[in-house]
Amino acid sequence: MSEKIVVIGETKDGSLRNVSYEAIAAAKKVDAEAELVGVICGSGELEELGKEMIYYGADRVVTISHDSLTAYTSEGFGQAVLAVIHEESPKSIVMGHTSIGKDLTPKIASKLETGLISDAVDIEVEGDKIQFVRPIYSGKAFEKKIITDGITFFTIRPNNIPALNRDEARSGEITPKNLDITDIRTVIKDVVRKASEGVDLSEANVIVAGGRGVKSEDGFKPLYELAEVLGGAVGASRGACDAEYCDYSLQIGQTGKVVTPDLYIAVGISGAIQHLAGMSNSKVIVAINKDPEANIFNVADYGIVGDLFEVIPLLIEEVKKLQE
Ligand code: FAD
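Residues numbered from 1 in each chain as written. Predicted model: local features only at pLDDT ≥ 70, side-chain atom pairs only at ≥ 80, totals over all residues. Heavy atoms only, no water.

The protein is annotated in an unreviewed UniProt entry as Electron transfer flavoprotein subunit alpha/FixB family protein of Virgibacillus salarius. Under Sequence similarities (unreviewed entry), UniProt gives the following word-for-word description of the protein: "Belongs to the ETF alpha-subunit/FixB family." (UniProt positions renumbered as here; feature names shortened; annotations may be inferred.)

Structure (structure tokens):
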């Protein structure tokens, strides 16, 4: 194993985010022979997280634990990750295209004076040629990019490249790295969580999203129930957020979250282009709308023309029956 790929792990609430494991699978696609070096930044004990990266395919993990890394700051995490990159001299670096990934990776790329391919949804390898597939024009088309020189630095969109199977029989070295982290100008005074409880929207396999057709905050209740029986998360259109039926943290679309679940159920959503920008790459789209001409049916794999308040309870009932 001569060449190395650094996989930058990301944690949330004390666990690694699933996209960290997907990033390991992406690194394997780029070069199955390379040594995969995971990096985890945080505070306190990080060894267990290191083990998880190894179970999912990393060969070795470097952990950097420091009080300054308790909450994310680009200065702190930037220093920590760069220190590992300088030490390892990888030929490739990968991270999830999450809020943190979007903030951290361009800063690291500029320090390394290298390019960055962001938001890859697939990787195609033909001999020596590695093509990164990424959506453009709000998901209406895809481009394929190659890197001809320097470090192959890329981020992957969550939920697109499946993680490898977890294998507890895998072993690898976990090296805690002591680092003096200085010059952090950002002061985190408080972290206010607005996100919905339960499954994280950007990593959910099933999303039930409501639009203005849901009509009120109470109207979202059946959607939460359907999401619960399906083990999914609830999202929304901007129409629903603007109408104050739900929090903006649920907004999906051009100015909201971009999601690619296995199943997206659009409920009372008309299918404006700005909404499609955030969900049209979902694997299976089901639309429920009382207007048969609604644009959402143009991207839907399955469409139900009907009143959502009649359709959703029937769906919940059927799903429950199937689960019995
Ligand atoms: P509507 O367009 O009002 O559609 C409601 C739908 O509900 C209708 O199709 C109706 O037939 C159906 N309906 C009503 N009652 C029922 C019922 N009982 N049963 C079944 N169906 C019913 N939008 C986003 O979603 N995300 C974004 O990120 C986003 N970014 C934007 C950025 C910009 C710069 C701009 C200008 C707009 C953006 N928008 C975004 C807004 C977007 O253009 C639409 O206005 C918005 O998506 C409409 O939301 P909606 O589909 O919920 O509402």
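Okay, back to it.
Caption draft 1: Main features of the nonpolar core. Grouped together as the largest cluster of nonpolar side chains are 30 residues, with contacts concentrated most on Ile-24, Met-53, Val-94, Ile-123, Phe-132, Phe-154 and Ile-156. For this core, the elements supplying multiple residues, two or more each, are strand 1 (4-8), helix 1 (18-30), strand 4 (35-42), helix 2 (47-55), strand 7 (117-120), strand 9 (129-136) and strand 11 (152-156). With eight residues, helix 1 is the single largest residue contributor to this core. Filtering out sequence-adjacent residues up to four positions away, Phe-132 remains in contact with Val-30, Ile-117, Ala-120, Asp-122, Ile-123, Glu-143, Lys-144, Lys-145, Thr-152 and Phe-154. If you look at the next biggest cluster of nonpolar residues, it comprises 24 residues, including Ile-64, Tyr-72, Leu-82 and Leu-104. (Core = buried A, V, L, I, M, F, W, Y, C linked by side-chain atoms within 4.5 Å. Buried < 20%, exposed > 50% of the residue type's maximum accessible area, 1.4 Å probe, protein only. Helix = DSSP H or I, 4+ residues; strand = E, 2+ residues; numbered from the N terminus. Contact = heavy atoms within 4.5 Å.)

Caption draft 2: Layout of the confidence of the model for the protein. Of all residues in the protein, 98% attain a pLDDT of 70 or more, and the chain-wide mean is 94. The complex model carries a pTM of 0.81, and its ipTM stands at 0.99. (pLDDT = per-residue confidence, 0-100.)

Caption draft 3: Helix 4 (residues 99-112), seen in detail. Here helix 4 is 14 residues long and its end C-alpha atoms lie 21 Å apart, about the 20 Å a rise of 1.5 Å per residue gives. Regarding helix 4, the residues found buried are Gly-101, Leu-104, Thr-105, Ile-108, Ala-109 and Leu-112. Taken end-on, helix 4 shows its buried residues confined to a sector of 130 degrees, consistent with a single buried face. Residues of helix 4 that are exposed and point more than 90 degrees away from the buried face comprise Ser-99, Ser-110 and Lys-111. Tucked into the core, helix 4 has its buried residues touching strand 1, helix 3 (74-88), strand 6 (92-96) and strand 11. Looking one or two places after helix 4, you find Glu-113, whose phi comes out positive at around 55 degrees. (Expected span 1.5 Å × (residues − 1). Arc of directions from axis to C-beta.)

Caption draft 4: Layout of the environment of Arg-185. Tracing the sequence through the fold places Arg-185 in the loop between strand 12 (173-176) and strand 13 (206-210). In this structure Arg-185 comes out as exposed when scored by relative accessible area, which is 72%. The spacing of Arg-185 and Thr-73 is 112 residues in sequence and 9.1 Å in space, taken between C-alpha atoms.

Caption draft 5: Highlighting the packing of helix 3 against helix 4. For the pair helix 3 and helix 4, the least separation of the axes is 10 Å and the interaxial angle reads 50 degrees. Considering their axes alone, helix 3 and helix 4 lie oblique with respect to each other. When the axes of helix 3 and helix 4 are compared, the crossing they make is right-handed. Contacts between helix 3 and helix 4 involve Ser-74, Phe-77, Gly-78, Val-81, Leu-82, Ile-85 and His-86 on the former and, on the latter, Asp-103, Leu-104, Lys-107, Ile-108, Lys-111 and Leu-112. Across the contact of helix 3 with helix 4, the residue classes break down as seven nonpolar, three polar and three charged. (Axes fitted to C-alpha atoms, helices over the stretch in contact; angles between N-to-C directions. Parallel < 35°, antiparallel > 145°, perpendicular 65-115°, else oblique. Left-handed = near helix turned anticlockwise from the far one by under 90°. Nonpolar A, V, L, I, M, F, W, Y, C, P; charged D, E, K, R; others polar.)

Caption draft 6: Here's a closer look at the UniProt feature "domain: Electron transfer flavoprotein alpha/beta-subunit N-terminal" (unreviewed entry) in the protein. With numbering matched to this structure, UniProt assigns "domain: Electron transfer flavoprotein alpha/beta-subunit N-terminal" (unreviewed entry) to residues 5-188. Counted over residues 5-188, helix gives 28% and strand 32%. Its end C-alpha atoms are 31 Å apart.

Caption draft 7: Region of interest: the site of the ligand. The local shell around the ligand holds 26 residues, among which Arg-212, Ser-237, Thr-255, Ser-270 and Asn-289 are the closest. Gly-256 is positioned such that a nitrogen or oxygen atom in its backbone is 3.4 Å from an oxygen atom of the ligand. His-275 places a side-chain nitrogen or oxygen 2.9 Å from an oxygen atom of the ligand. For the ligand, whose accessible area on its own is 980 Å², the fraction buried by protein is 76%. Residue assignment for the shell around the ligand shows that the elements contributing at least two residues are helix 6 (238-242), helix 7 (273-279) and helix 8 (308-323). (Near = heavy atom within 4 Å. Polar contact = N/O pair within 3.5 Å; in protein donor to acceptor, adjacent residues only side chain to side chain. Areas by Shrake-Rupley, 256 points an atom, 1.4 Å probe, with all protein chains shown as cover.)

Caption draft 8: Inspection of the side chain of Asn-289 at higher detail. Along the chain, Asn-289 turns up in strand 16 (residues 284-289). A residue is classified by how much of its surface remains accessible, and Asn-289, at 10% relative accessible area, is buried. A polar side-chain atom of Asn-289 sits 3.1 Å from the main-chain carbonyl oxygen of Ile-269.

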